[in-house]
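# A structural walkthrough
So you can see what is in the structure, the chains are spelled out below.
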Amino acid sequence: MEIVLEAREQALVQRAADFAREQVAPHAAAWEAQRRMPLETFRAAATAGLGGLLVPTALGGQGLSYTATARVVEELSAACMAFAFSLVVHNNLADNIARNGTPAQREAHLPPMIRGERVGAFCLTEPGAGSDAAAVRTSARRDGERWILDGRKAWVTNASVANLFSVYAQTDPALGWKGIACILAEDTAPGLVREAPYVLIGGHALGTGEIALQRCAVPAGNLLISPGDAFKAAMRGIGVARANVGAMCCGMLRASLEQALAHAARRQVFGRPVASYQGMQWQLAEVETNLLAARLLTYRALAALDRGEDGTLHAAHAKKFATRAALSGIAECMQAMGAAGLRDEHSLGRHLAGAKIAQYLDGATEIQNVVIARALFRARGVETA
Ligand SMILES: Cc1cc2nc3c(=O)[nH]c(=O)nc-3n(C[C@H](O)[C@H](O)[C@H](O)COP(=O)(O)OP(=O)(O)OC[C@H]3O[C@@H](n4cnc5c(N)ncnc54)[C@H](O)[C@@H]3O)c2cc1C
């Protein structure tokens, strides 16, 4: 499938590729070892134009298509998936504010977010609500000219550094998902407590952690999306994010395959290059086929989103296949490199952890199957849930 981009979009993808090579790849192993989110590089990325990718140009952003945005994300992920996803989350909140915000919210938040001076975070998941996101229990209560938020948000990407949190909170439990509102909370809001970031198998540049909301008071004007619309908007955003996760997996797998091919051509075993053995050739050929298939599914989903179609089903197929292809393919590339594949300098270990993490981002693999199975049966007149 040919990916057609405008010249302006191509230039930004190239800028992202250069940025990834010069400013992300050389430092990603150190960020992992130090378990830190590199705020200074995040800001440099925004300065390079990567802070408002989806925001219309009239509002100061780049106004990119979903396809072009995913190409940017793919290039960054080839160097560091965690860094790329941190930017994805930030860009998605900027897009959300551009789409749904009041003029005052746009004016207050978009310029500093586009410049990277303020970092955004998306807070849907809770310790007791992951796959079943509609089960959130964080409450939002109106008190005069304020909203009072009470609860705890888990697995918040950028939590360690974010200045603006989009909090999905329940206004009326009797209404179920229709009672959920999206409210903006600044890091300075009284009662918002940032917890220590999680220690994970990898991906520490995500800065993922929990925030506690303890009678957290924010102005009434911080309501971004009203109950009834907020959950639908969150699901729409998650559909786009799933396609981006597909692109991230393509980036990691492509980078791993390139390293494995170069190593196999160089490395001599039993007097011949490893690449000369058919077993090795076929092993890496399988990885290439899966990479191409993952790209086709991913960019098909993005093309549907760019046409304004509901890309939910396409994105579910793309995310499920691309995360699996990345996890198994990166392991195959590591195997092809022998023990050298384990070394930090080759980055395959980081990509392997990144591929495993990608299986949970924006809905685990099983939830993609729930979406796919529901569509299969609905087309035959059977409701599954
Ligand atoms: C590094 C990282 C960053 C994240 N960043 C964010 C973020 O910025 N904001 C945010 O809101 N969330 C974020 N998440 C949360 C992510 O969306 C959830 O992890 C994901 O939705 C799965 O929820 P869970 O981990 O609670 O799994 P659970 O819901 O506890 O599920 C456990 C297992 O059961 C399976 N399962 C669940 N339901 C079914 C079913 N019906 N049928 C069969 N199997 C099922 C799941 O697939 C999973 O394998 C992040 C997660 C990670 C790992």
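For the structure itself, consult the block above.
Residues numbered from 1 in each chain as written. Predicted model: local features only at pLDDT ≥ 70, side-chain atom pairs only at ≥ 80, totals over all residues. Heavy atoms only, no water.

## Some remarks on unusual backbone geometry
- Backbone geometry at Arg-35 places phi at a positive 50°, although glycine is not the residue there.
- Although it is not a glycine, Phe-270 adopts a positive phi angle of roughly 50°.
- Within the secondary structure, Phe-270 sits in the loop between strand S9 (268-269) and strand S10 (272-273).
- Classification of Phe-270 as exposed rests on a relative accessible area of 79%. (Helix = DSSP H or I, 4+ residues; strand = E, 2+ residues; numbered from the N terminus. Buried < 20%, exposed > 50% of the residue type's maximum accessible area, 1.4 Å probe, protein only.)

## As for the packing of aromatic side chains
- This structure, assessed with the given rule, holds 5 aromatic pairs.
- One aromatic cluster is present, formed by Phe-19, Trp-31 and Phe-83 through successive ring pairs. (Phe/Tyr/Trp six-rings, centres within 6.5 Å; stacked < 30°, edge-to-face > 60°.)

## A few points about the nonpolar core
- Membership of the largest hydrophobic core comes to 62 residues, with the highest contact counts inside it found for Leu-50, Val-72, Leu-76, Cys-80, Phe-83 and Phe-85.
- With 9 residues, helix H7 (residues 230-266) is the single largest residue contributor to this core.
- If we skip the residues at most four places from it in the chain, Leu-50 touches Leu-12, Ala-16, Ala-45, Val-72, Leu-76, Leu-87 and Asn-91.
- Counting 23 residues, the second largest nonpolar core, distinct from the first, contains Ala-94, Met-113, Leu-124 and Val-136. (Core = buried A, V, L, I, M, F, W, Y, C linked by side-chain atoms within 4.5 Å. Contact = heavy atoms within 4.5 Å.)

## Section: the site of the ligand
- Contacts to the ligand come from 18 residues, most closely from Phe-122, Thr-125, Ser-131, Trp-155 and Glu-366.
- In the model, a nitrogen atom of the ligand is placed 2.7 Å from a nitrogen or oxygen of the Thr-125 side chain.
- The backbone of Trp-155 places a nitrogen or oxygen atom 2.9 Å from a nitrogen atom of the ligand.
- Within the complex, the protein chains bury 66% of what would otherwise be the 980 Å² of accessible surface of the ligand.
- Those elements that provide at least two residues to the shell around the ligand are strand S3 (146-156) and helix H11 (365-378).
- Both domain 2 (121-226) and domain 3 (231-378) contribute no fewer than three residues apiece to the shell around the ligand. (Near = heavy atom within 4 Å. Polar contact = N/O pair within 3.5 Å; in protein donor to acceptor, adjacent residues only side chain to side chain. Areas by Shrake-Rupley, 256 points an atom, 1.4 Å probe, with all protein chains shown as cover. Domains from an automatic or database assignment.)

That's the geometry; what it means functionally is another story.
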